[in-house]
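# Summary of the model geometry
Below are the chains, spelled out letter by letter.
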Amino acid sequence: MKNKKSNKYVHPSPNPLPDTSGEGARERAGFTLIEVIVAIAILAISLVMIMQLFSGGLRASRASCDYTRAILHAKDKMEELHIKPVQGSGEFEDGFKWESEVYPFEEYEEKLENIDVNLLKVKVKVIWSNIANQQKSVELMSLKTIEKEK
């Protein structure tokens, strides 16, 4: 395309840039300070919310891990007590503590008079402190049959 005033060839631009000279140029020049501040505030609020979601997920994961370890410790201790039922307490290597109680189960004593076994109630409690130093615990109970002494 040739310019009418001169014989120079001018290439037509498919997306011509807006005219920044003259009236209205100030309105199209860029963002205002208020727009930038509002955008930064929205970005900051959304980042804070996302970080809170991540930290909440990490806390829930930690609590789940603690409960799982406590249940595994309680099951292990319960298996030991089924072999030799004794009362006691102690501590595991990872800071979890345990307490055990063993006592006769008397609810069905009348029904078991004709049978040569006694029932013992075995209870294991595992205790630990979480990150906020709150005491948490898990308790398992089971029954064990033992032969009556003659």
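Attention in this report is confined to the structure presented alongside it. Within any chain, residue numbers begin from 1 and follow the written order of that chain's sequence. Reporting of local features is limited, given that this is a predicted model, to residues whose pLDDT is at least 70; pairs of side-chain atoms are given and counted only at 80 or more, and all residues count toward the totals for whole chains, interfaces and linings. Hydrogens and water molecules were not included; the side-chain quantities draw on all heavy atoms of the structure.

## Describing the packing of aromatic side chains
What characterises a pair of aromatic rings is the spacing of the ring centres plus the angle enclosed by the ring planes. What counts, and what does not: Centres within 6.5 Å are what make two rings of Phe, Tyr or Trp a pair, Trp counting through its six-membered ring; a difference in plane orientation under 30 degrees is then read as stacked, over 60 as edge-to-face, and the rest as tilted. Each helix corresponds to a stretch of at least 4 residues labelled H or I by DSSP, and each strand to a stretch of at least 2 residues labelled E; elements are numbered beginning at the N terminus. Three exposure classes are used, based on accessible area relative to the maximum for each residue type with a 1.4 Å probe and protein chains only: buried under 20%, partly exposed in between, and exposed over 50%. For a ring to carry a charge above it, either NZ of a lysine or CZ of an arginine must fall within 6 Å of the ring centroid while also lying within 35 degrees of the normal to the ring plane.
Going through the model one piece at a time under the given rule, you end up with 2 aromatic pairs. Pairing Tyr67 with Trp128 gives two aromatic rings, centres 5.1 Å apart and planes at 90°, and the pair type is edge-to-face. Here Tyr67, found in helix α2 (residues 33-83), pairs with Trp128, found in strand β3 (residues 117-129); they are 61 residues apart in sequence, far enough to count as distant. For the ring pair Phe96 and Trp128, a centre distance of 5.4 Å and an interplane angle of 35° mean the geometry is tilted. Residue Phe96 is located in the loop between β1 (88-91) and β2 (97-104), and its partner Trp128 is located in strand β3; the two are separated by 32 residues in the primary sequence. Residue class for Trp128 comes out buried when judged on its relative accessible area of 4%. One aromatic cluster in this structure is built from Tyr67, Phe96 and Trp128. The aromatic ring of Trp98 is capped on one face by Lys77, whose charged end is 4.0 Å from the ring centroid.

Function cannot be read off these values alone, since they describe shape.
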